[in-house]
Amino acid sequence: MEEQTVTKSVYFVEETQNIEGAYVEVNTLFVAEDQKQATKVYEELVKEQPKKSFGLLLNEYIINAEGGFFQNLLASWKNLPAEFYRKMQILTYRPLAEYQN
């Protein structure tokens, strides 16, 4: 039996690592389902290391994926291989905050 797909907003705190044309490479620092929690982490990182960051981002992704995908994403986002992220369909991407030094 196939698992049902679910659509949810997930908030990523990301740091820009490299920009080449339209390609932007980011390092994910934090992932949450709760916007307030993600905003708090983002604001703490801006205060903590404002000069370290090339570009610190708080982004909302509206994602369509199997229900278990979200549990795995939130539980172990630091250790997930790139193939895991290919199983999601990003419906909407919206930057919520950006800090650039």
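Residues numbered from 1 in each chain as written. Predicted model: local features only at pLDDT ≥ 70, side-chain atom pairs only at ≥ 80, totals over all residues. Heavy atoms only, no water.

Novice: Just give me the short version of the overall build of the protein, but keep the residues and values in it.
Specialist: Summing up its helical and strand segments, the protein has three helices and four strands in all. Restricting the contact set of the protein to residue pairs at least 6 apart, pairs at least 24 apart contribute 69%. (Helix = DSSP H or I, 4+ residues; strand = E, 2+ residues; numbered from the N terminus. Contact = heavy atoms within 4.5 Å.)

Novice: Describe the packing of aromatic side chains, listing the residues and the values that go with them.
Specialist: Aromatic ring pairs are defined here through the distance separating the ring centres and the angle between the ring planes. Throughout the structure, instances matching the rule amount to two aromatic pairs. A ring pair is formed by F12 and Y61, whose centres lie 4.9 Å apart and whose planes are at 75°; its orientation type is edge-to-face. One end of the pair, F12, is in strand 1 (residues 5–20); the other, Y61, is in strand 3 (residues 56–66), with 49 residues separating them in the sequence. Taking relative accessible area as the criterion, Y61 reaches 12% and is therefore assigned buried. Between F69 and F70, the aromatic rings sit 5.5 Å apart at their centres with planes inclined by 90°, giving edge-to-face as the arrangement. Grouping residues by exposure puts F69 and F70 together as buried. (Phe/Tyr/Trp six-rings, centres within 6.5 Å; stacked < 30°, edge-to-face > 60°. Buried < 20%, exposed > 50% of the residue type's maximum accessible area, 1.4 Å probe, protein only.)

Novice: Go over the confidence of the model for the protein, please, and point to the residues and values.
Specialist: In this model, the protein carries an average pLDDT of 81, and 83% of its residues clear a pLDDT of 70 or more. Across the protein, the element-wise mean pLDDT spans from 67 in helix 3 (residues 82–85) up to 91 in helix 1 (residues 35–48). (pLDDT = per-residue confidence, 0-100.)

Novice: Describe helix 1, and please don't skip the residues or the numbers.
Specialist: Counted at 1.5 Å a residue, the expected span for helix 1 with its 14 residues is 20 Å, and the 20 Å between its end C-alpha atoms agrees. Every buried residue of helix 1 is listed here: A38, V41, Y42, L45 and V46. The arc that holds every buried residue of helix 1, seen down its axis, measures 135°, which confines them to one face. For helix 1, the exposed residues set more than 90 degrees away from the buried face come down to K36, K40, K47 and E48. (Expected span 1.5 Å × (residues − 1). Arc of directions from axis to C-beta.)

Novice: Explain the pattern of salt bridges to me, and be specific about the residues and the numbers.
Specialist: Going through the model one piece at a time under the given rule, you end up with one salt bridge. K8 serves as the salt-bridge partner of E33, at 3.0 Å between the closest nitrogen and oxygen. Of this pair, E33 sits in the loop between strand 2 (23–32) and helix 1 while K8 sits in strand 1, and the two are 25 residues apart along the sequence. What makes E33 partly exposed here is its relative accessible area of 38%. With a relative accessible area of 31%, K8 lands in the partly exposed category. (Salt bridge = Lys/Arg side-chain N within 4 Å of Asp/Glu carboxyl O.)

Novice: With reference to specific residues and values, describe a nonpolar patch on the surface.
Specialist: A surface patch of nonpolar side chains, amounting to about 220 Å² of accessible area, comprises I19, V24 and V26. Relative to the helices and strands, I19 resides in strand 1. A relative accessible area of 46% means that I19 is categorised as partly exposed. (Patch = residues over 30% accessible without salt bridge, like charges linked within 9 Å, V, L, I, M, F, W, Y side chains within 5 Å. Areas by Shrake-Rupley, 256 points an atom, 1.4 Å probe, with all protein chains shown as cover.)

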